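# Geometric and topological summary
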Amino acid sequence: MSVPRGRRAVLTGMLALMSAGLVTGAEPPSGETRGPWPGAATVVRGEDSVVIGHHVPPARLRDLASRADRARRAVGRIWGPVRAVILFPATDAEAAALAGAGSTRGLAAMATSDRVIVLPSGYARLNETGRDVVIAHELTHLATGATRGGRVPMWLSEGFADYVGYRDSGIGVREAAAELAQEVRAGLLPTRLPVAADFAPGAPRLAQAYEEAWLACRYIAERFGEKALVRLYGSDVGSALGLSQAELTAAWRDHLRRELE
Ligand SMILES: [Zn+2]
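Cut-offs used in this document
Numbering of residues starts from 1 in every chain and runs along the sequence as written. Totals for whole chains, interfaces and linings use all residues, but because this is a predicted model, local features are given only for residues with pLDDT of at least 70 and pairs of side-chain atoms are given and counted only at 80 or more. The side-chain numbers reported here are obtained from all heavy atoms of the structure, hydrogens and water having been left aside. Here a helix means four or more residues in a row that DSSP labels H or I, a strand means two or more in a row labelled E, and each is numbered from the N terminus. The cut-offs for exposure are 20% and 50% of the maximum accessible area for each residue type, with area from a 1.4 Å probe on protein chains only; residues under the lower value are buried, those over the upper are exposed, and the others partly exposed. Working rule for contacts: check all heavy atoms of both residues, and any pair within 4.5 Å makes them a contact. Each accessible area is a Shrake-Rupley result for a 1.4 Å probe, and residues are judged covered by the shown protein chains and nothing else. The predictor reports its confidence for every residue as pLDDT, a score running from 0 up to 100.

## Section: the overall build of the protein
Helix and strand counts for the protein come out as 12 helices and six strands. Buried positions account for 53% of the 261 residues belonging to the protein. Once local pairs closer than 6 in sequence are excluded, the contacts in the protein between residues at least 24 apart make up 71%. As displayed, the protein offers around 11200 Å² of accessible surface, 52% of which is attributable to carbon and sulfur atoms.

## Focus on unusual backbone geometry
Across the chain, the bulk of peptide bonds are trans and the bulk of non-glycine residues have phi less than zero. Positive phi, close to 55°, is recorded for His55, a residue that is not glycine. Along the polypeptide, His55 turns up in the loop between strand S3 (49–54) and helix H2 (58–78).

## A look at the confidence of the model for the protein
In this model, the protein carries a mean pLDDT of 87, and residues with pLDDT of at least 70 account for 87%. Within the protein, strand S1 (residues 13–14) has the poorest average pLDDT of any element, 40, and helix H12 (residues 245–260) the best, 98. Per-residue pLDDT stays below 50 along residues 1–32; that stretch engages in 96 contacts with residues further than four places along the chain or on separate chains.

Next up, the structure:
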């Protein structure tokens with residue numbers, strides 16, 4: 001089953017930019033997870049995940065909890081442990097308010113610094129595979145700290161989250177990077193790795209920015225190994241890979257040509 005066309009608009013996650021709305025304090029000592037809907041929340045526990053829903057049928061919450069367990073294992077195989085707490089609000093407006101986000105158009109889920117918030121309408125548009133990819137992507141942001149306040153380049157933060165998300169999805173490169181493949185086949189190769197502005201909601205080449213970032217990380221993992229990709233997080237291209245930025249960019253462009261042309 002393939003992810004719907006134009007999936008990027010839906011798969012796009014947001015970074016941990018909006019933690020203020022949600023991070024209301026440390027977890028209570030009992031280990032209970034404090035939800036935003038006192039008295040009205042449904043809490044479903046997976047093996048190693050907690051899903052808190054607001055007027056969402058329990059079966060959908062259980063489905064999400066099993067996806068969260070799978071995603072958590074996927075993150076664990078590459079990065080390390082992550083605490084999976086996912087909120088499933090009743091409406092997109094509620095999700096945006098929880099995240100302190102302005103526009104959430106086209107999103108399926110967002111990560112704050114310590115939990116994932118589902119966008120009900122975007123999430124509903126995804127197929128089964130797309131849901132798994134999105135949850136793994138967002139849990140990766142939780143595990144890694146996303147851009148760590150801007151210290152990690154956005155291409156690495158988003159690319160790594162997609163690397164984990166797509167790794168075991170069975171989705172082929174040309175399908176997962178359909179928009180970029182179309183450009184490359186038309187002879188248009190990007191000249192630099194995507195920067196923060198390329199990932200802004202509504203950016204004209206938003207889909208391609210995610211695909212470029214993903215393929216940069218995939219290339220690094222293939223050539224240097226996954227451990228090197230993990231090491232790059234919090235390090236720099238020179239010391240983690242022994243390449244200059246220009247060398248990495250050139251090698252990545254070759255990789256795009258090979259994979260997508
Ligand atoms: Zn993301």
